[in-house]
Amino acid sequence: KSQPPLVWHWIPFLGSAPAYGRDPIAFFRECREKYGNVFTFILLGRRVTVTLGPQGNDFVLGGKHTQLAAEPVYGPLTTPIFGKDVVYDCPNEKLMEQKKFVKVSLTIDKFRAYVGMIDDEVKDYLNTDASFKVYQMDDINEWGTFPVLKSFAEMTILTASRTLQGREIRESLTKDYAQVYSDLDHGFTPLHWMIPGLPLPSYRRRDAAHTKMSSFYQSILRKRRENPTENQEDDVMNSLMKQRYRDGKQLPDHEIAHILIALLMAGQHTSSSSLAWAVLHVAARADIQEALYKEQVQHFGTPDGGLRDFGYDEIRDLNILDAVVRETLRLHPPIHSIMRKANVDIPVPVTLGTPSEDSVFVVPKGDIVLASPLISQVDPGVWDNSESWEPTRWYDEKGVAAKANKEYNEGEKVDFGFGLVSKGTVSPYLPFGAGRHRCIGEQFAYLQISTVISSLVRRMEFRYEGTFPAPDYSSMMVQPVPCQIHYRRRKF
Ligand code: HEM
């Protein structure tokens with residue numbers, strides 16, 4: 001049986017790294033035209049076999065972990081940042097247990113408390129951050145601008161810390177922690193992934209920041225253990241302190257610390273880039289912005305023309321908002337490449353739609369396999385006007401924002417109204433992945449993104465001027481290139 005076709009390249013070791021690094025989506029599409037849905041390219045000396053389309057997503061995401069492992073691919077990037085003995089620095093079975101422990105803190109009960117906290121954080125941010133000076137002037141006629149990447153990164157870390165990370169972390173955000181976080185974050189780049197150890201300052205700062213952050217979390221843990229009655233917070237740390245592995249052992253402090261760092265990093269760029277794209281599109285589409293505002297008025301309007309606070313159950317009823325989030329994650333899923341390493345030779349099913357249907361390719365042991373749900377999320381064969389951001393595609397046939405999100409958010413029945421297969425790993429819509437590595441932060445992220453957008457659209461109008469920002473693929477997550485949004489305070 002033959003191996004998948006190899007993408008042609010000029011320079012042996014470098015391979016297709018420049019094309020993949022510059023614009024992975026354009027690169028995958030070009031290769032698909034030439035070679036079909038399965039092909040191999042060289043990335044800095046490594047063989048990467050790409051399997052595209054819903055079946056390709058299934059091949060990678062639904063693979064057995066004994067055959068397709070995530071740890072050897074992601075570990076070199078994440079272990080220096082998260083730390084020892086968690087996530088990809090431990091056997092997969094242990095990661096599965098750790099994910100289960102975290103899920104205990106991500107329940108609807110907890111989410112009910114989080115909505116108000118997130119809204120408060122956004123309110124405080126708007127009232128204090130220098131980019132929102134015009135908002136603070138209380139003048140509804142004046143327009144200001146805010147920098148998209150910085151503002152949403154800050155709102156994301158503030159809201160995640162207040163809710164998931166715990167009081168001590170939230171209180172430290174304005175002090176040393178911000179610098180430590182930033183040093184750690186600068187170690188989360190394609191360079192640090194491809195070449196994990198280099199004698200460069202960014203690597204040294206990354207390692208020093210990890211040590212500091214890990215010690216900081218562990219000192220909080222010790223304090224909490226010493227004064228259990230004083231620290232009854234409903235956060236992830238307290239919840240992890242109560243958990244036990246199947247063998248009856250408690251999580252050691254360093255593992256709790258490292259899981260918390262992992263959650264912080266996993267949720268930061270994913271949520272902040274999704275927020276950035278969502279608000280950019282809302283700013284560029286007056287009709288959708290108006291619909292979102294009207295939805296707020298309809299649900300939360302008060303007799304004096306103002307808007308009252310909202311809760312978790314209420315926010316889940318906002319269907320236009322849901323369509324905005326869902327459509328943003330379709331067009332801009334932050335993770336463009338999901339990878340595993342083949343531990344054995346693996347045949348690729350013919351149904352992947354390669355040009356010669358009768359050939360069964362074999363991915364050789366040692367290859368990295370890669371799925372890109374983004375490709376199927378913008379496939380014109382699946383979606384009308386696949387490249388346009390169009391939340392109304394999620395409305396029902398009567399043009400009303402549909403209710404499918406209820407089931408979707410609960411992770412039970414999934415029905416996108418198109419008859420697409422969307423439960424399990426065979427789907428053209430998988431912004432949160434699927435299978436055993438599926439995201440556990442999905443519902444939290446949905447809540448966080450929806451609440452921040454609600455908090456913003458009810459207080460401000462937005463406008464985006466000029467050419468819509470292009471995606472920047474140079475960092476680990478697909479975020480917009482640096483840009484500004486215009487805003488104006490609403491009357492109430
Ligand atoms: C895994 C996307 C937010 C924690 C994943 C995966 C995707 C994803 C695609 C699968 C990766 C793979 O299969 O290799 C997203 C998106 C988010 C988001 C689009 C926001 C819009 C979050 C948040 C948290 C989180 C807020 C934490 C609170 C995790 C964890 C995993 C994961 C722990 C599991 C990794 C594994 O099992 O290998 N996420 N995520 N994510 N995500 Fe998220």
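As the structure is a prediction and not an experimental result, all values here were calculated from the model. (Residues numbered from 1 in each chain as written. Predicted model: local features only at pLDDT ≥ 70, side-chain atom pairs only at ≥ 80, totals over all residues. Heavy atoms only, no water.)

**Some points on the pairing of strand β9 (residues 460–463)**
- Burial of the side chains of β9 is restricted to one face: M460 and F462 are buried, whereas none of E461 and R463 on the reverse face is.
- As paired elements, β9 and strand β12 (residues 484–489) share four bridges and run antiparallel to each other. Bridge pairing in β12 links E461 to R488. (Buried < 20%, exposed > 50% of the residue type's maximum accessible area, 1.4 Å probe, protein only. Helix = DSSP H or I, 4+ residues; strand = E, 2+ residues; numbered from the N terminus. Pairing = 2+ DSSP bridges.)

**Some words on the coordination of the iron atom of the ligand**
- For the iron atom of the ligand, the sole protein-derived donor is C439 (SG), lying 2.3 Å away.
- Summarising the element assignment, C439 is placed in the loop between α19 (404–410) and α20 (442–457). (Donors = N, O, S within 2.8 Å, 3.2 Å for Na, K, Ca; no water.)

**Some thoughts on the site of the ligand**
- Taken together, 26 residues form the shell around the ligand, and within it Y74, Y88, K99, H437 and C439 come nearest.
- Here an oxygen atom of the ligand sits 2.7 Å away from a polar atom, N or O, in the side chain of R340.
- Take H437: an N or O atom from its side chain is 2.5 Å from an oxygen atom of the ligand.
- If you list the elements that add at least two residues to the shell around the ligand, you get α5 (92–103), α14 (253–284), β5 (338–342) and α20.
- For the shell around the ligand, the class distribution of residues is 16 nonpolar, seven polar and three charged. (Near = heavy atom within 4 Å. Polar contact = N/O pair within 3.5 Å; in protein donor to acceptor, adjacent residues only side chain to side chain. Nonpolar A, V, L, I, M, F, W, Y, C, P; charged D, E, K, R; others polar.)

**Topic: the packing of aromatic side chains**
- Across all of its chains, the model carries 27 aromatic pairs by this definition.
- Ring geometry for F216 against Y217: centres 6.5 Å apart, planes inclined by 55°, an arrangement best described as tilted.
- Taking relative accessible area as the criterion, F216 reaches 26% and is therefore assigned partly exposed.
- Ring pairs connect the aromatic residues Y125, F132, F146, F152, F462 and Y487, which therefore count as one cluster.
- It is R489 that lies over the ring of Y135; its NZ or CZ is 4.1 Å from the centre.
- When the ring centre of Y293 is taken as origin, the NZ or CZ atom of R490, which lies over that ring, is 3.6 Å away. (Phe/Tyr/Trp six-rings, centres within 6.5 Å; stacked < 30°, edge-to-face > 60°. Lys NZ or Arg CZ within 6 Å of the ring centre and 35° of its normal.)

**Looking at the state of the cysteines**
- Per the stated rule, a full pass over the model turns up zero disulfides.
- Lacking any disulfide linkage, C90 is separated from the closest cysteine sulfur, that of C439, by 17 Å. (Disulfide = S-S within 2.5 Å.)

**Here's the deal with the side chain of R393**
- Relative to the helices and strands, R393 resides in the loop between α18 (373–377) and α19.
- By relative accessible area, which is 13% here, R393 ends up buried.
- Polar contacts involving the side chain of R393 include one to the main-chain carbonyl oxygen of S388, which spans 3.1 Å.

**Quick look at the nonpolar core**
- Core analysis: the biggest nonpolar cluster contains 131 residues, and F28, Y217, I453, L456 and F462 have the highest contact counts within it.
- The contacts of L456, once residues within four sequence positions are left out, are V122, L126, F152, M155, V279 and F462.
- One finds V60, L68, A342 and V369 within the second-largest nonpolar core, a separate group that totals eleven residues. (Core = buried A, V, L, I, M, F, W, Y, C linked by side-chain atoms within 4.5 Å. Contact = heavy atoms within 4.5 Å.)

**So, the sheet that holds strand β2 (residues 46–51)**
- With respect to topology, five strands assemble into an open sheet ordered β1-β2-β8-β5-β3, the strand pairing being mixed. The sheet terminates laterally at β1 (38–43) and β3 (68–69), the two strands that pair on one side only.
- Note that β2 and strand β8 (residues 368–371) share three bridges and pair parallel. Its bridge partner lying in β8, V48 is registered against I368.
- Contacts from helix α2 (residues 24–35) reach β1, β2 and β8 within the one sheet, and its direction differs from that of β1 by about 130°.
- Strand contacts of helix α4 (residues 71–82): β3, β5 and β8, with the helix running at about 120° to β5, the strand carrying the most contacts. (Axes fitted to C-alpha atoms, helices over the stretch in contact; angles between N-to-C directions.)

**Structural notes on a nonpolar patch on the surface**
- On the surface, W8, W10, I11 and L14 cluster together into a nonpolar patch covering about 540 Å² of accessible area.
- Residue position: W8 is located in the segment before α1 (17–22). (Patch = residues over 30% accessible without salt bridge, like charges linked within 9 Å, V, L, I, M, F, W, Y side chains within 5 Å. Areas by Shrake-Rupley, 256 points an atom, 1.4 Å probe, with all protein chains shown as cover. Salt bridge = Lys/Arg side-chain N within 4 Å of Asp/Glu carboxyl O.)

**What to know about the confidence of the model for the chain**
- Across the chain, the average pLDDT comes to 89, with 91% of residues at 70 or higher.
- In this model, residues 403–422 is a region of pLDDT below 50 whose contacts with residues beyond four sequence positions or in other chains number 44 contacts. (pLDDT = per-residue confidence, 0-100.)

**Regarding α5**
- With twelve residues, α5 should cover 16 Å at 1.5 Å per step; its first-to-last C-alpha distance of 17 Å lies within 8% of that length.
- Within α5, burial applies to N92, L95, E97, Q98, K99, F101 and V102. (Expected span 1.5 Å × (residues − 1).)

**Considering the pairing of β1**
- With six of six residues buried, β1 lies mostly within the body of the structure.
- Sheet topology note: the β1/β2 ladder contains six bridges and is antiparallel. The residue bridging F41 from the neighbouring strand is V48, located in β2.
- Linking β1 back to β2 in an antiparallel pair, the connection comprises two residues, with L44 at a positive phi of about 45°.

**Thoughts on unusual backbone geometry**
- A positive phi angle, close to 50°, is found at V87, a residue other than glycine.
- Along the chain, V87 falls in the loop between α4 and α5.
- You will see that N385, though not glycine, has its phi angle at about 40°, which is positive.

**Details of helix α6 (residues 108–128)**
- Under the 1.5 Å per step criterion, the end-to-end length of α6 is 30 Å for 21 residues, consistent within 8% with the ideal 30 Å.
- At Y114, α6 shows its largest bend, some 30°.
- Within α6, burial applies to K110, F111, Y114, V115, I118, D119, E121, V122, Y125 and L126. (Bend = angle between axes of the 7 residues up to and from the residue.)

**Quick word on the pattern of salt bridges**
- This model, assessed by the stated rule, comprises 31 salt bridges.
- Between R224 and E168 there is a salt bridge, and its shortest N-O distance comes to 2.7 Å. Of this pair, R224 sits in helix α12 (residues 201–226) while E168 sits in helix α9 (residues 167–172); the two residues are 56 residues apart in sequence, bridging distant segments of the chain.
- One salt bridge connects D322 with R326, and the closest N-O pair in it is separated by 2.6 Å. Of this pair, D322 and R326 both sit in helix α17 (residues 319–331), four residues apart, which is roughly one turn of the helix. The same class applies to D322 as to R326, namely buried.
- Overlapping salt bridges bring together D120, E121, K123, R162 and R170 as one network.

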